[in-house]
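Fold and geometry: a report
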Amino acid sequence: MKLTLDHTQRLNLHALLGAQRADVGSIRAIWAVQDKLALDATEEKSIELKREIVNGTERTVWNPSLSVPAKEFDFADSELVRIKTAMEMWDAYSAAADRRWLEPLIEALLFS
């Protein structure tokens, strides 16, 4: 399945996938999806992405007034299952704050 994702979707999906608990084989598969979604150095610089450690956990922040062009990804069925599972299991979404990036993914992945 092909999905066009903006940088906010990519970064948030990367974080959701990284929060999954799994066996070693599944973790390696999750890392492969994360590697596919990751922004390259030029994209990171373009949005002024920074990594911070907060209470022992790394988080990413970026300048919300900057953006990079959306990018198309072709995901295998197994990769889509991992993404869907991460989305369905996460319980810390904010109805208002996450709607912009999450709603298009819910429509494409969970209700298609």
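As a reminder, the structure under discussion sits directly above these lines.
Please read these numbers as outputs of a predicted model, since none were measured by experiment. (Residues numbered from 1 in each chain as written. Predicted model: local features only at pLDDT ≥ 70, side-chain atom pairs only at ≥ 80, totals over all residues. Heavy atoms only, no water.)

One finds Leu3, Leu5, Leu13, Phe75, Ile83, Met87 and Leu105 to be the most contacted residues of the largest nonpolar core, which totals 19 residues. When contributions to this core are tallied by element, the ones reaching two or more residues are strand S1 (2-5), helix H1 (7-18), helix H2 (24-37), helix H4 (77-89) and helix H5 (99-110). If you look at the next biggest cluster of nonpolar residues, it comprises five residues, including Leu39, Ile47, Leu49 and Val68. (Core = buried A, V, L, I, M, F, W, Y, C linked by side-chain atoms within 4.5 Å. Buried < 20%, exposed > 50% of the residue type's maximum accessible area, 1.4 Å probe, protein only. Helix = DSSP H or I, 4+ residues; strand = E, 2+ residues; numbered from the N terminus.)

Unlike most non-glycine residues, Glu48 shows phi in positive territory, near 55 degrees. Along the chain, Glu48 turns up in the loop between helix H3 (41-46) and strand S2 (50-54). What makes Glu48 partly exposed here is its relative accessible area of 40%. With a phi close to 50 degrees, Asn55 is a non-glycine residue in the positive phi region. Following the sequence through the fold, Asn55 ends up in the loop between S2 and strand S3 (57-61).

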